[in-house]
Amino acid sequence: MSDSLDLKDIEKRAFRAEHQDGLYDIYFGGVVLCMTILAVSTGGETYQFSRFVLYMIGLVVLSLLFQGGRKYITTPRLGRVKFGPRRQRRKMILFLVMAGIILVQVAIVVGTSLLLRNPQWAISLGLSQINPDFERLIVAAISALFVGPSMVMISYFMDFLRGYYIAFIASLAVFSLVWFHEPVYLVIAGMLILIPGIVVFIRFLIQHPLPPAEGQL
Amino acid sequence: MNDVLPSSDLSDLAEIDRIVHEPARLMIIAVLYVIDSADFTFVMNQTGITWGNLSAHMSKLEEAGYIEVEKSFKGKRPNTMLRLTAQGRTAFQTYRLKMRKLLDDLPA
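Everything numeric here is computed off the predicted structure, so don't read it as measured data.

S.K.: Please explain the overall build of chain A as it appears in this structure.
M.R.: When helices and strands are counted, chain A shows eight helices and one strand. Counted from the first residue to the last, chain A has its helices and strands arranged as α-α-α-β-α-α-α-α-α. Taken over the C-alpha atoms alone, chain A extends approximately 75 × 45 × 25 Å along its principal axes. Within the span of chain A, comprising 217 residues, buried residues form 36% of the whole. Within chain A, residue pairs in contact and separated by at least 24 positions form 78% of the contacts whose partners lie at least 6 positions apart. For chain A, the accessible area works out to roughly 13100 Å², and carbon and sulfur atoms hold 71% of it.

In structure tokens, the structure reads:
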């Protein structure tokens, strides 16, 4: 291995150290579980707004737990680090890529909504003649593509290897949800992401006991 | 010995920066070289050096002007951030080049 490769390896290991705590897994597992609230159809349209509010509260609580975990559990054990311009550049590229993906997703949602409101457009595009099963398959695939590529991009730019697993499980869950209309797939997927996250988190706590504060030495 | 290493290379060996050459300090510098800055805990975790040893090596590196130490408080806790200076970066680069040249010149 060349000298420069060794330095790259040191940098990569230092950067990946930030993902040793399992908090990302717990966070994303929680997000998938929160999505179950939206997928449950009990109460129909009446409780749609309440479910959305509950989902948003869930996301806020998860974000607070994640930030709190990083601040009070991870950082005191792993220490503080600021990475160089290469990582800053990658962060900026990730931001731009994510912005692009979100724009594409918004365009798909707006386009679909326009086609639903204007059936004559759908007819002129030949979309009304699509087999309903095939149509559901397309919707399921597009929904899975909403989740998968975003998570793959995050994993790639953040050097977060378990992120690829999360991307796969979450995409499969969303696909299954649309295809089978059963929120249970989201629960299974959420647990498949959450449980390894908790295991990684416990292992992290065992491997990294809290060091004494600088002032106490 | 002259059959193995030319005398000019031997003199190069004597010019190796001993501050950088010490294994523990070399690890510390290598970690600080690839990042912008980090605190004691992070460097300790990455290098596996104990707190006491790290403190001693940091003092030597600071004396040599290779690292700068920035003391602050995070809440009520003191926090020391460490950063490789431009001089430290140059010293590490020079060390790498010299070592590479010396080792490459050695017969297999």
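We are not done yet, so read on.
S.K.: Is there a simple way to think about the pairing of strand E3 (residues 77-84) of chain B in this case?
M.R.: Two faces belong to every sheet, and in a regular strand the side chains alternate between them. Residues and elements named next belong to chain B. Alignment of strand E1 (residues 35-39) against E3, held across two bridges, turns out to be antiparallel. Bridge pairing in E3 places Asp 39 opposite Met 81. With eight bridges connecting them, strand E2 (residues 67-74) and E3 associate as antiparallel partners. Across the sheet, residue Val 69 finds its bridge partner in E3, namely Leu 82. Turn length for the E2-E3 hairpin, with the two strands adjacent in sequence and antiparallel, is two residues, and the turn residue Gly 75 shows positive phi of about 70°.

S.K.: Help me understand the interface of chain A and chain B in this model?
M.R.: Frequently, the measure chosen for interface size is the accessible area that the parts lose on association. Each side of the interface is counted separately: chain A has 24 residues, and chain B has 25 residues. On the surface where chain A and chain B come into contact, there are one salt bridge. Of the charged contacts in the structure, one is a salt bridge between Asp 36 of chain B and Lys 82 of chain A, with a shortest N-O distance of 3.8 Å. Between the two partners, chain A and chain B, sit six residue pairs in polar contact (both at pLDDT 80 or more). Those elements that place two or more of their residues in the side of chain A that touches chain B are helix H1 (3-16), helix H3 (48-78) and strand E1 (81-83) of chain A. Element by element, the count of residues in the side of chain A that touches chain B is highest for H1 of chain A, at seven residues. Within the side of chain A that touches chain B, the residues separate by chemical class into twelve nonpolar, five polar and seven charged. Alignment of E1 of chain A against E1 of chain B, held across three bridges, turns out to be antiparallel. Within E1 of chain B, the position partnered with Phe 83 of chain A by the bridge is Ile 35 of chain B.

S.K.: How should I be thinking about the packing of helix H2 (residues 23-39) of chain A against helix H8 (residues 184-207) of chain A in this particular structure?
M.R.: The relative placement of two packed helices is expressed as an angle between their axes plus a distance between the axes. All names here are of chain A. Look at H2 against H8: their axes get within 7 Å of each other, and the N-to-C directions meet at 160°. Comparing the axis directions of H2 and H8 gives the class roughly antiparallel. Considering only the axes of H2 and H8, their crossing is left-handed. Only Leu 186, Val 187, Ala 189, Gly 190, Met 191, Ile 193, Leu 194, Gly 197, Ile 198 and Phe 201 of H8 make contact with H2, whose side of the interface consists of Leu 23, Asp 25, Ile 26, Phe 28, Gly 29, Gly 30, Val 32, Leu 33, Met 35, Thr 36 and Ala 39. For the contact of H2 with H8, a count of residues per class yields 15 nonpolar, five polar and one charged.

Criteria and cut-off values
Numbers given to residues run from 1 along each chain, matching the order in which its sequence is written. Naming scheme: in the order in which they are written, chains are lettered from A and ligands are numbered from 1. In keeping with the model being predicted, local features are shown solely for residues with a pLDDT of at least 70 and side-chain atom pairs are shown and tallied solely at 80 or more, while totals for entire chains, interfaces and linings include all residues. Remark: hydrogens and water are excluded; side-chain values derive from all non-hydrogen atoms of the structure. Secondary structure elements are taken from DSSP: a helix is a run of H or I of four residues or more, a strand is a run of E of two residues or more, and numbering for both begins at the N terminus. Classification of residues uses two cut-offs on accessible area relative to the type maximum, computed with a 1.4 Å probe and protein chains only: under 20% is buried, over 50% is exposed, and between them is partly exposed. Two residues qualify as a contact provided that any one of their heavy atoms is within 4.5 Å of a heavy atom in the partner residue. In this description, accessible areas are obtained by the Shrake-Rupley approach with a 1.4 Å probe, and a residue is regarded as covered only by the protein chains that are shown. Any two strands with at least two DSSP-identified bridges between them are counted as paired. Definition used for salt bridges: Asp or Glu carboxyl oxygen within 4 Å of a side-chain nitrogen of Lys or Arg. Pairs of N or O atoms within 3.5 Å make up the polar contacts considered here, provided that, within protein, one atom can donate a hydrogen while the other can accept it, and that residues adjacent in sequence are counted only when both atoms are side-chain atoms. Classification used: nonpolar for Ala, Val, Leu, Ile, Met, Phe, Trp, Tyr, Cys and Pro, charged for Asp, Glu, Lys and Arg, polar for all others including Gly. Fitted lines through C-alpha atoms serve as axes, helices being fitted only where they are in contact, and the angles separating the N-to-C directions of these axes extend from 0 to 180 degrees. Should an angle fall under 35 degrees it is called roughly parallel, over 145 degrees roughly antiparallel, and 65 to 115 degrees roughly perpendicular, with every other angle called oblique. Crossing handedness is read from the near helix: turned anticlockwise from the far helix by less than a right angle, it gives a left-handed crossing, and turned clockwise, a right-handed one.

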